[in-house]
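Residue-level structure breakdown
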Amino acid sequence: MLAGFSPLRAGDTINFKEQVWPILQASCFGCHGPDDQQGQLRLDARAVTLHGGIGGPAVVPGKPRESLLIQRIRSDDDEQRMPLEDDPLSDGDVDVLVKWIEQGAQWPDGIGSAAKPPPKHWSYTSPERPALPSVEDSDWASNAIDLFVLSQLESHQITPSPEAQKRRLIRRLSLDLLGIPPSVNEVERFALDERPDAYARLVERYLASPLYGERWARPWLDLARYADSNGYQADQYREVWPFRDWVVDALNRDMPYDQFTVEQIAGDLLPNTTLAQKIATGFHRLTTCNVEAGVDPEANRVEQVVDRVNTTGMVWLGTTFECMQCHNHKYDPFTQKEYYQVFAYFNQTPLEVEGNGVSYNFVGPKMDLPLTAKQQAHHNAVTERLVKANVKLDEARERILAGLPQWETDLLESLVNEPKWHLLQIDEFRSKNGAGHRMLEDGSVLITGERPDIDTYELQISTTTDAITGFKLETLTHDELPGKGPGRFEAARPNFVLNEFVLTDVEGNPIALEGAIADYSQPNFDVKNAIDGDLKTAWAIATEFHKPHVAEFLTSKAIHSDGKKQLKLRLEMNYGGGRTIGRIRLSAMTGARSMQGVSDAIVAIVKTPVAERKPAQTKQLTDYYLKQSEEVTKLKKQVDAVKKELADVKPTTTLVMVEDQSRETRVLKRGNFKSPGESVLAGTPRVLNGLPDEAPQNRLGLANWIVDRSNPLTARVAVNRWWAELFGGGIVATEEDFGTQGDRPTHPELLDYLAVEFMESGWSMKHIHRLIVHSSTYRQTSKTRDDLKNIDPNNLLLARGPRFRLDAEQIRDNALQISGLLQHKMGGPPVYPPQPNGLWRHVGRNAPKYATSTGTDRYRRGIYTVWRRSAPYASFTNFDAPDRAACVVRRARTNTPLQALTLLNDVAFLEMARAFGERIHTLPSGSRDEKIVFAFQTAVSRYPTAREMEILQEVFEIELTKFKEDAGRAKKIVDESQQSLKDVLELATWIQIGHILLNLDETISKG
Amino acid sequence: MNNFDDAMLDLTRRELFQSAGMGIGAAALSSLLMAEGTYAAETSNRMDLSPQVGQFAPKAKNVIFLHMIGAPSHLDLFVDKPKLREMDGEKCPEELFEGQRFAFLRGHPTMYGSTFDFQKHGESGHTFSDVLPNLAAVADELAFIETMHTDQFNHGPAQLVFQTGFQRFGRPCMGSWASYGLGSLNQNLPAFVVLITGSVGGAGNSMWGSGFLPTIYQGVEFRSSGDPVLFLSNPNDISAADRRKVIEVINSRNLEQFKDVGDDEIKTRIGQYEMAFRMQSSVPELMDISQEPDHIHALYGSDPSKSGFANNCLLARRLVERGVRFVQLFDQGWDHHGGLVNGLKNKAKQVDQPVAGLIKDLKQRGLLDETLVIWGAEFGRTPMVQGDRKSAGRDHHKDAFCVWMAGGGIKGGSRYGQTDEFGYHPVENAVTVPDFHATVLHLIGLDHEQLTYRYQGRDFRLTDVSGSVLTELIA
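Residues numbered from 1 in each chain as written. Chains lettered and ligands numbered in written order. Predicted model: local features only at pLDDT ≥ 70, side-chain atom pairs only at ≥ 80, totals over all residues.

So, on to the overall build of chain A. On a plain count of helices and strands, chain A comes out with 33 helices and 21 strands. By the compact-globule yardstick of 30 Å for 1007 residues, chain A is too spread out, its C-alpha radius of gyration being 42 Å. The principal-axis extents of the C-alpha atoms in chain A amount to approximately 135 × 105 × 55 Å. Counting the 1007 residues in chain A, one finds 45% classified as buried. Across chain A, every contact between residues at least 6 apart in sequence was considered, and the portion connecting residues at least 24 apart equals 70%. (Helix = DSSP H or I, 4+ residues; strand = E, 2+ residues; numbered from the N terminus. Rg over C-alpha atoms; globule rule 2.2 N^0.38 Å. Buried ≥ 20, exposed ≤ 12 C-beta atoms within 10 Å, placed from the backbone. Contact = placed C-beta atoms within 7 Å.)

So this is what it looks like as structure tokens:
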């Protein structure tokens, strides 16, 4: 410290030059001085110090507590405390600075640098309606857009290109507004429409078409990272397609973009929120979700919140929040703390994964949708059937039960001759596979020693009992058996599986058995299986282990012993694993069991006088009795089937946002959720507009702030993206970054004009699209010009119209439309168009199957194709579709051999070529040349040139000749269903031509 | 190709079409375009695969990256820890689990010493357990990193980190960065090829995705069943000659279109149709390993009548021979939470001979010097036992695991980093995934700090904001 330092006394006036400046110089200028301005702050310049860097004013005169300078030098957090990685300032120095600020932070002129704070970055100032520039060739301009474009062109001495030919123009417009090409009739009607407002009429018709919403939903779904699966290993299917349909519908209705925004970010928090508004919140439920075993649910939740914050920044603000997760933004005026303030808005949602330490499941909030009219009608019909089926069943029950008293009487009568049991002597026992045995005193045999995998016991028994009507097999427990038995399988599960109980006389003649009952049978292992002659079925006793069991087998007719009778018994046990019986005792029965199969329990009930029966007993008896009736059983099955059908009428569910608990949000040091730092409240970045006064402290407040008229980014970012979608590049080329590192707008006034126009039109997207497509700029021919090759190779000045390849889904839609296959059904669950087999193997559990759609669903627009993140539709991937695991603002537009292979060989495209060929072939009026013209027009919306005509004529003749030479070749090209059509060889030729046309660069490009 | 040549070529084509009357059957067109070969490169200014020169003289031209999905146990393959054996069955020291979060282990786990026998091999003295006899025989070619660590302990996120440097989706993988940095050396095959044995790990196709880089840099999967490249073969037995005809007509029409509107993308597309046609023969030729002699199959343990990891190793060699710079192999099935002894034996048996065979084969062809072979996984496994000891397994472990490299630019036999007595924490020279990435890029001539791509206003790197080249491993 300085020599001669003395503590301050209250009332001392601070001398800036002598007391403050030296402190700043010694401790701060290294990073915040003339050579380096970390955080865009320099403390050697008064103006910058007062204005502050990205964190806000460093010094607020009179208010040391609100001055970042003081906050930071006093911080307890090592990562916050200034000077960083250096000793803290002494208390004395801190005192000086505090006092200085308290006293008004006087900073006399002439000390330090005169540097001014950097001007606010252009995009952080709200757009204002710019004055329209004057241009020389004002006739060219159709609307304000053209004035901005033309004034730049004129300043470069460039003339704009002429308007595209009408046929090319309608194709461009149709692809841009509807996403599919116009039909030949439409093109010709427009080409011949001489009315001055023909184009305007066309634009209005297209803007009103439901196809518009489908076409414009695609880029939004990329932003929303819309997919039908969770991502990661399990990548399960999840139902969220109502969100996709909501987007299509909102765009078709031209829902104001502010409302469109609020409903997606915070629809659940709106007062009197509607079903549709809740569906809209699916936007932020489209994050990936990891349910792999061992995942940390909270880590997963934090990742999801991070994704929601980053996506919100990118989609609405054209701002990369991501960098601020770990530190202040390096270039843009956003701080790490501000990141977590935005994070706080999203931090109130529940865990979406639940697990027990072994398996984990997706449990994120879902909402049932009401049944659709169709579902409801079905539901009603099934309910009606259920009522009818129940009536029938009840009626049958009543009728059958009327016979119960008589049955009881019969049973009691038959019991007069109650059965008696006589122990059977086991003369011989043999285990076929080598188990040992020991005879026990009670007449049973204990099986010992070796435990063969499967076994057959062969017993010889003898009896003096006459008139045997049945046999009893007791499987007994014993201490020597594993788990006491009665089976020999492992101690915990001493089961046995008896496949067959076969009784013969000594000569081997079978003794017929016709009834079997047991005290217990394992489900699907009924004791009756033991006498069914089928070695694949069996009697077993899981899980009633460790206790004896008994089975009785009744003979078809009584067996007479004539004094002494010998019998042979074979017990087949071939299940494997040593599931054999451990101890056996046999008895013979005499007497009658005329009511075969009635268990002792039922007999006991019947013997109880009716008045003394307990309700449970009565129920047991009636249940038993009814079960014997085939009619009742059948009717009951019918009722159950209808019940299941009813249960299958399930409502569609969709993912929605819900608030869970109020969580404290803390800055996560280095972005690590295990290192929480200071606690923060929800808030928005300082450099942008302030929060509206009435904004609530939740997502709704954030949404309101985003669409506030004073937000400088929202409108600009949106109109710029649409511009890019139509022109192939944005006015700001870096659509995803409007910060200082992003590209500057090529036409700043135009951007602001569009942004203001957008907001003032009530945030109407269709208004902006109408404006753009009406401009002369948009309507120019897209032909490249030699004079521009060097001056403006990338067409940034817009001296010609846009020309570029269609995106993945459009390539499909375009080809479907050309081939005549396109189905215009809107909405609903995702569809499964043809793709090569085996692509959905990249999966863990719960793997859904790719069941290729048939019927209309096979030919629906690309936006309805199922989107599995681990294996998106292959042809889309080849045309640069992302996997939608994260928000994508701008798709690449590559040009690869895989794309050529896709169009040439993908069966989906081959199907389209066949349909296209058939369409040409079956054209009612048709010379060869008329058909060629039709085909060409259908593909590219214009007439072929003479030369193109000649090419196609020649292709036709050559191909046809060759098919004639080799009809087998034609058969390979023509689909089976088409073989019956007339002139198959000609059809094959048209398919070839159709296939060629679908592959043309012109066909897959907008120009 | 310079502008003059370009113009000449256009002129030639124009004449050709004029004289040949529309160019139908103009076989010359194809040969002309084929000879030229580099269409994509010459015409596209934003994203192309033309060969590029890196920042350094490359030590390796090619990379073969073997990723063992599921994470093998380093403690049962490469790292012998006597102390761990000694403590087998004892409660693990508190500091090993206090405050740690595991995927599955709960409570106070017990230690689990490896039941495999370990031996030192070669002059290097690298340790291998006895389930890797073939690999042990090439010990001196390998350089080991014993102290790799990552910050994710679930497969999906950790695989993303290992491949893309970042635990969330959306970033390019190392192969994509390499393709972006170096372009392609061949005109008949993709620059970056992926071969998969078994199913794919949790991060799915994002492990070979190009993230925010143009999709031209993403890995192209060569599948072992069905079409090796999707949509490669002509459907319904359409003959190559027929397909040739169709492509010729398409291209002649596209050329007309180019003359009309002058968009260079059209020329690129013409080139891509030509390359597609060439791929229709070059890929099946590549995939047909039955042409390989018996002694080669004996070396790899490959079998043309089957598919599997051994075949993929052989294919990897065939790919680099044909100028594919980055070959990524995935082999699934290493996640031994239980039944580790038999499970690991099995897996080791499946990869030991093929990997060793690959190294030997590359060497005998003089390709090892220019080909970097990498073997690794998304993380390692705990020294603590998971589950019943009778069918013992090990849990995920992120703090220390092994990666080895061999071939181009690698100091064979070297070893980097040391772990504690349980192979649990690095005690010396811990290596981060960005360090590893930086090293691989360095070996193929790319400076990981210079290899950037501007996206969202930021210059993104594979190594983000860190990463140091491990010069100790470099010859």
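And the narrative resumes.
Okay, the overall build of chain B next. Scanning chain B from N- to C-terminus turns up 15 helices and 17 strands. Burial analysis of chain B (475 residues in total) assigns 58% to the buried set. Long-range contacts, defined as pairs at least 24 residues apart, comprise 75% of the intrachain contacts of chain B with a sequence gap of at least 6.

Residue and element names in this part refer to chain A. Tracing the backbone through its elements, the reader meets Thr665 in strand E18 (residues 665-668). By C-beta crowding, Thr665 is classed as buried, having 21 other C-beta atoms within 10 Å. Remark: the alpha-carbon pair of Thr665 and Pro651, spanning 14 residues in sequence, is separated by 36 Å.

So, about the domain arrangement of chain B. Each assigned domain of chain B is listed with its residue range as follows: domain 1 (3-36 + 240-278) and domain 2 (62-225 + 307-473). Just the C-alpha atoms count here: the centres of domain 1 of chain B and domain 2 of chain B sit 45 Å apart. (Domains from an automatic or database assignment.)

This part is about the interface of chain B and chain A. Opposite the 65 residues of chain B that make contact, chain A presents 75 residues. Elements with a minimum of two residues in the side of chain B that touches chain A: helix H8 (155-164), helix H10 (240-261) and helix H11 (264-287) of chain B. Tallied by class, residues from the side of chain B that touches chain A come to 27 nonpolar, 27 polar and 11 charged. (Nonpolar A, V, L, I, M, F, W, Y, C, P; charged D, E, K, R; others polar.)

Our focus in this paragraph is unusual backbone geometry. All names here are of chain A. Each neighbour pair has its own omega, and for Met82 with Pro83 the value is -10°, a cis peptide bond. Relative to the helices and strands, Pro83 resides in the loop between helix H4 (68-74) and helix H5 (91-102). The phi angle at Arg670 is positive, at roughly 50°, despite the residue not being glycine. Within the fold, Arg670 resides in the loop between E18 and strand E19 (676-680). Residue classification places Arg670 among the exposed residues on the basis of 11 C-beta atoms within 10 Å.

Further remarks concern the packing of helix H14 (residues 297-317) of chain A against helix H15 (residues 336-346) of chain A. Residues and elements named next belong to chain A. Contact geometry of H14 with H15 gives a least axis separation of 9 Å together with a crossing angle of 110°. Taken as axis vectors, H14 and H15 run roughly perpendicular relative to one another. When you trace H14 past H15, the crossing you get is right-handed. Counting all contacts with H14, which are made through Val305, Arg308 and Val309, the residues of H15 involved are Tyr339, Val342, Phe343 and Phe346. Tallied by class, the residues present in the contact of H14 with H15 amount to 6 nonpolar, no polar and 1 charged. (Axes fitted to C-alpha atoms, helices over the stretch in contact; angles between N-to-C directions. Parallel < 35°, antiparallel > 145°, perpendicular 65-115°, else oblique. Left-handed = near helix turned anticlockwise from the far one by under 90°.)

For the rest of this paragraph, the subject is helix H12 (residues 257-266) of chain A. Of all 10 residues in H12(A), 9 are buried; the element is thus mostly enclosed. The complete set of buried residues in H12(A) reads Tyr257(A), Asp258(A), Phe260(A), Thr261(A), Val262(A), Glu263(A), Gln264(A), Ile265(A) and Ala266(A).

Turning our attention to the packing of helix H30 (residues 928-940) of chain A against helix H33 (residues 984-999) of chain A. Residues and elements named next belong to chain A. In contact at an axis separation of 10 Å, H30 and H33 are set at 30° when each is read in the N-to-C sense. Classified by the angle their axes make, H30 and H33 are roughly parallel. Judged by the twist between their axes, the crossing of H30 over H33 is right-handed. Facing Ala935, Phe936 and Ala939 of H30, the residues of H33 in contact are Ile993, Gly994, Leu997 and Leu998. Residue classes in the contact of H30 with H33 are distributed as 6 nonpolar, 1 polar and no charged.

On domain assignment, one finds that chain A holds domain 1 (16-119), domain 2 (256-370 + 651-699), domain 3 (420-591) and domain 4 (905-1006). Here the C-alpha centre of domain 3 of chain A lies 96 Å away from the C-alpha centre of domain 1 of chain A.

All names here are of chain B. Counting all residues, the mean pLDDT for chain B is 86, and 90% of those residues have values of 70 or more. Of all helices and strands in chain B, the one with the weakest mean pLDDT is helix H3 (residues 39-43) (28), whereas strand E8 (residues 371-376) scores best (98). Considering only residues more than four positions removed or in separate chains, one finds that residues 1-47, a stretch of pLDDT under 50, has 63 contacts. Confidence metrics for the complex model read pTM 0.76 and ipTM 0.76. (pLDDT = per-residue confidence, 0-100.)

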